[in-house]
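A look at the structure
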Amino acid sequence: MLEIRNLHVAVEGKDILKGLSLSILPGQVHAIMGPNGSGKSTLSYVLAGRAGYDITEGSILFNGEDLAAMPPEERAAKGVFLAMQYPVEIPGVTTMTFLKTALNAQRRQRGEPDLDAVGVLKLVRAKARTLNISEEMLRRALNVGFSGGEKKRMEILQMALFEPRLAILDETDSGLDIDALRLVAEGVNALRSPQRAMLVITHYQRLLDYIVPDRIHVLARGRIVAEGGKELALELEAKGYEHIVGRAA
Amino acid sequence: MSSPAQKETRQTVAEIGEKYKYGFVTDIEMERAPKGLNEDTVRYISAKKGEPDWMLEWRLSAFRRWLSMKEPKWARVHYPAIDYQDAYYYAAPKNTPKKQSLDEVDPKLLETYNKLGIPLNEQMALAGVAVDAVFDSVSVATTFKEKLNEAGVIFCPISEAIRDYPDLVRKYLGTVVPVTDNFFATLNSAVFSDGTFVYVPKGVRCPMELSTYFRINASETGQFERTLIVADEGSYVSYLEGCTAPKRDENQLHAAVVELVALDHAEIKYSTVQNWYPGDEEGRGGIYNFVTKRGDCRGDHSKISWTQVETGSAITWKYPSCILRGDHSVGEFYSIAIANNYQQADTGTKMIHLGANTRSRIISKGISAGKAQNTYRGLVSVYGKAKGARNYTQCDSLLIGGQCGAHTVPYIESRNPTARIEHEATTSKIAEDQLFYCLQRGIPQDEAVSLIVNGFCKEVLQQLPMEFAVEAQKLVGISLEGSVG
């Protein structure tokens, strides 16, 4: 599903990713772990197509297509979803309006007819309930005045709504207490499916207790320095990044 | 449920592929006054309108006064000097004898209305809006007269009102914006071609939203519309004004005057969507819009509310104001001003608190993009007798890109120690992370800008009647298309 080969990415002329390769099959959940500044967020942004993240070498194939050639909104319509570390606030735009606009923008790009307000409302309500998102929250401006946990749940709600092929979760655990973390993880696990791939980016092993990955990659200084099964997370937790990163250097 | 009229409006708005959608000119024979401005021009216009002597004298006194006045230069707008002798001051479509029904109207005119999405036929009935359509300077068709007649509401071209209701017009015309008020208002008083007159009698709630569409069509013809709305004691009226103009290279001068009078316990709600040709991306052409709009809350417990969505014009010079004369009267100003490319907008309001316990509320949303300059200029003035007066002002500016400017020039004067005046102002930019967030969720750039800006303007858009709100929201997006590189 996702095939990253020898990816080099520069931000403002500075090399951040330096030859990263990664392959994810449908149905798999991969985790990217790494210390601060290792390039984790850069990877998520370059996959989503954020401006300012320049690919200087290498390629990204998504279901056989050149992902790097697509504008970000097209990637979204084709099923790339990025749950952001810091979801932004959009004052004056109700959450419901935003969800409807986004859902229909994606459908339009795929040549599907718009859903009317009632159709969207039904869909959103059904998904919102399982994430403990209230009607009142859907009427508020998107993310404005939301707590950290509410913002992250709103990201997962969108993930459930858009049903992406590839879901990237960038530090979804940051700023969450244990109850909020469990709720978010349950939401993510409910979306695991043989057709869907996930890339979970995290600093800590904690999240991986709840979202158990098939494969873990350790990113340091722009390269993958170690790979393994879920037990690698425990090793990292016990020995620290320095141990593994140092071993690879 | 959406009526055919709403559908048509949406469709028209949706069909806009180009930067400016109303850039077409209807080929209709025009009848013009000779170029230039002198007493003969004024007499010509008055004669064309078949006006009584008092009206001609009124115009001439304004003209003589105007000769001694100087064009104001205090606004933050720059434009080449206007040669007032190098323009036409009156243009009317030929074949102007009164039409009894739409069948008699020149089909080309109807075509123009259709292009604009102004449904003058039964679609309007479904939308429940009466339209007094002004084509250039002469009113061509008026609908819904009967229903309004039943309620006793007078809604007609002002030229007709001058002939048919001279006492009413004489009693109120020029009492809010005096003939001597300012350069542009005085010019308008001398040469106004036509406009709208509304009178709502005592205790009557006007049974429908009133709406007039203005449209400049003749090249180099200034538009000098005159509107007078009088709400008698205990009455209510909501008036919608929408403007579009065809594409032209020459700069076109527009100097309208709008006067509102609200007597005891009366309320007037005046909404505008202004979309005159703003000039091209290089700043060529475009309408110069110098407008004087003022409402007089003459009676106790009266209320006047201005809502404006200003997206067009090369230059906007406009300060819809309220004189809060009656005790407990209320003035409101809700404004969205969008300036893109080389547009210059200097707009705001004046709230003059004369009566006791008067209240005013100002919500201004300025959006600047491209190389545009957007200025909010406002005055809140509390006079000595206005004990307990209250004002709340909120001025928010949104910048798109790094080459535009937003300026806020609030004047606050209080001569009464019991007055309470609050002023809040913010300036923000559309953040790159907001845009990226929308893009990542599949929303294309222009739609994302439109969504974010509409959110920013929400408090004002909510004030618009439904018929306008849909169109206004789309216009907000359209006028900013391509503004993010």
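Here goes a summary of the coordinates provided.

Basis of the calculations
- Residues numbered from 1 in each chain as written.
- Chains lettered and ligands numbered in written order.
- Predicted model: local features only at pLDDT ≥ 70, side-chain atom pairs only at ≥ 80, totals over all residues.
- Helix = DSSP H or I, 4+ residues; strand = E, 2+ residues; numbered from the N terminus.
- Rg over C-alpha atoms; globule rule 2.2 N^0.38 Å.
- Buried ≥ 20, exposed ≤ 12 C-beta atoms within 10 Å, placed from the backbone.
- Contact = placed C-beta atoms within 7 Å.
- Arc of directions from axis to C-beta.
- Axes fitted to C-alpha atoms, helices over the stretch in contact; angles between N-to-C directions.
- Parallel < 35°, antiparallel > 145°, perpendicular 65-115°, else oblique.
- Nonpolar A, V, L, I, M, F, W, Y, C, P; charged D, E, K, R; others polar.
- Core = buried A, V, L, I, M, F, W, Y, C linked by C-beta atoms within 7 Å.
- Pairing = 2+ DSSP bridges.

**Things to note about the overall build of chain A**
- Helix and strand counts for chain A come out as ten helices and twelve strands.
- Taking 249 residues into account, the globule formula puts the C-alpha radius of gyration at 18 Å, and chain A, at 18 Å, falls close to it.
- Along the three orthogonal principal directions, the C-alpha set of chain A runs to about 55 × 40 × 35 Å.
- Within chain A, the fraction of its 249 residues that count as buried is 45%.
- Once local pairs closer than 6 in sequence are excluded, the contacts in chain A between residues at least 24 apart make up 70%.

**Digging into helix α2 (residues 39–48) of chain B**
Residue and element names in this part refer to chain B.
- Three or more residues of α2 are buried, namely T41, V42, I45 and S46. Around the axis of α2, the buried residues are gathered within 130° of arc, so they sit on the same side. Facing away from the buried side of α2 by over 90 degrees, the exposed positions are D40 and A47.
- In this fold, the buried residues of α2 make contact with α3 (53–67) and α9 (183–191).

**Things to note about the packing of helix α3 (residues 95–109) of chain A against helix α4 (residues 117–130) of chain A**
Residue and element names in this part refer to chain A.
- Contact geometry for α3 and α4: axes closest at 10 Å, N-to-C directions at 105°. When the axes of α3 and α4 are compared, the pair comes out roughly perpendicular. For the pair formed by α3 and α4, the contact residues are M96, L99, K100 and L103 on the first element and A117, V120 and V124 on the second.
- Taken together, the residues of the contact of α3 with α4 break down into six nonpolar, no polar and one charged.

**Concerning the environment of A:M1**
Residues and elements named next belong to chain A.
- With respect to the secondary-structure elements, M1 resides in the segment before β1 (2–11).
- On a C-alpha basis, the gap between M1 and R110 in space is 19 Å, while along the polypeptide they are 109 residues apart.
- When near neighbours in sequence (up to four residues on either side) are disregarded, M1 contacts I24, L25, P26, N63, R165, L166 and A197.

**Side note on the environment of B:A262**
Residues and elements named next belong to chain B.
- Counting through the fold element by element, A262 comes out in strand β11 (residues 257–262).
- A C-alpha to C-alpha distance of 5.7 Å links A262 and R298, two positions 36 residues apart in sequence.
- With residues up to four places along the chain from it excluded, the contact list for A262 reads A231, E267, I268, G295, C297, R298, G299, S302, K303 and I304.

**Overview of the nonpolar core**
- In terms of nonpolar packing, the biggest core is built from 189 residues, with A:I168, B:V198 and B:A231 touching the most fellow members.
- Tallying contributions element by element places helix α6 (residues 148–162) of chain A first for this core, with seven residues.
- Non-local contacts of A:I168, meaning those with residues more than four positions away in its chain, are made with A:S44, A:L47, A:F81, A:L82, A:A83, A:L199 and A:I201.

**Quick notes on α9(B)**
Residue and element names in this part refer to chain B.
- Where burial is concerned, most of α9 is hidden: eight out of the nine residues are buried.
- Within α9, burial applies to F184, A185, T186, L187, N188, S189, A190 and V191.
- Those residues of α9 hidden inside the fold are in contact with α2, α3, β8 (225–231), β11 and β13 (287–297).

**What about the interface of chain A and chain B?**
- Taken together, the 20 residues of chain A in the interface contact 16 residues of chain B.
- Broken down by secondary-structure element, the contributors of at least two residues to the side of chain A that touches chain B are α2 (72–77), β7 (90–94) and α3 of chain A.
- With five residues, α3(A) is the largest single contributor of residues to the side of chain A that touches chain B.
- Partitioned by chemical class, the residues of the side of chain A that touches chain B number 13 nonpolar, five polar and two charged.

**A few points about the sheet that holds strand β2 (residues 14–24) of chain A**
All names here are of chain A.
- Taken together, the four strands give an open sheet; going across it, the order is β2-β1-β4-β5, and neighbouring strands pair in antiparallel fashion. Edge positions in the open sheet fall to β2 and β5 (65–66), since each of these has one partner strand only.
- In terms of strand pairing, strand β4 (residues 53–62) meets β5 through two bridges, oriented antiparallel. Bridging across to β5, L61 finds its partner in D66.

**Quick word on the pairing of β13(B)**
All names here are of chain B.
- A large share of β13 lies buried, amounting to eleven of its eleven residues.
- Here β13 shows no split at all, with I287, N289, V291, K293, G295 and C297 on one side and Y288, F290, T292, R294 and D296 on the other all buried.
- With three bridges joining them, strand β10 (residues 252–254) and β13 adopt parallel strand pairing. Residue pairing across strands places H254 opposite N289, the latter belonging to β13.
- Where β11 meets β13, six bridges bridge the pair, whose relative direction is parallel. For A262, the partnering residue across the bridge sits in β13 and is C297.
- Where β13 and strand β15 (residues 315–318) come together, four bridges link them in parallel fashion. Pairing of N289 across the sheet is with T316, part of β15.

**Structural notes on the sheet that holds strand β11 (residues 215–220) of chain A**
Residues and elements named next belong to chain A.
- One open sheet holds the six strands; their spatial order is β6-β9-β10-β3-β11-β12, and the pairing between them is mixed. Either end of the sheet is taken by a strand with one partner, and the two such strands are β6 (80–83) and β12 (223–228). Between one strand and the next, the sheet's axes are offset by a mean angle of 20°, whatever the strand orientation.
- Sitting on the sheet, α6 touches β6 and β9 (166–170), and the angle it makes with β6 is about 170°.

**Focus: unusual backbone geometry**
- Despite not being glycine, A:N143 shows a phi value in the positive range, around 65°.
- Within the fold, A:N143 resides in the loop between β8 (141–142) and α6.
- Positioned with a positive phi, B:H328 is a non-glycine residue whose angle comes to about 60°.
- Locating B:H328 in the fold gives a position in the loop between β16 (321–324) and β17 (330–339).
- For B:H328, a count of 18 C-beta atoms within 10 Å translates into the label partly exposed.

**Concerning the pairing of strand β14 (residues 303–310) of chain B**
Residues and elements named next belong to chain B.
- Here β14 lies mainly inside the structure; eight of its eight residues are buried.
- As paired strands, strand β12 (residues 267–275) and β14 are joined by eight bridges and run parallel to one another. The residue of β14 that forms the bridge with K269 is S305.
- Where β14 meets β17, eight bridges bridge the pair, whose relative direction is parallel. Within β17, the position partnered with V309 by the bridge is I336.

Any link to function would need more than the numbers given here.
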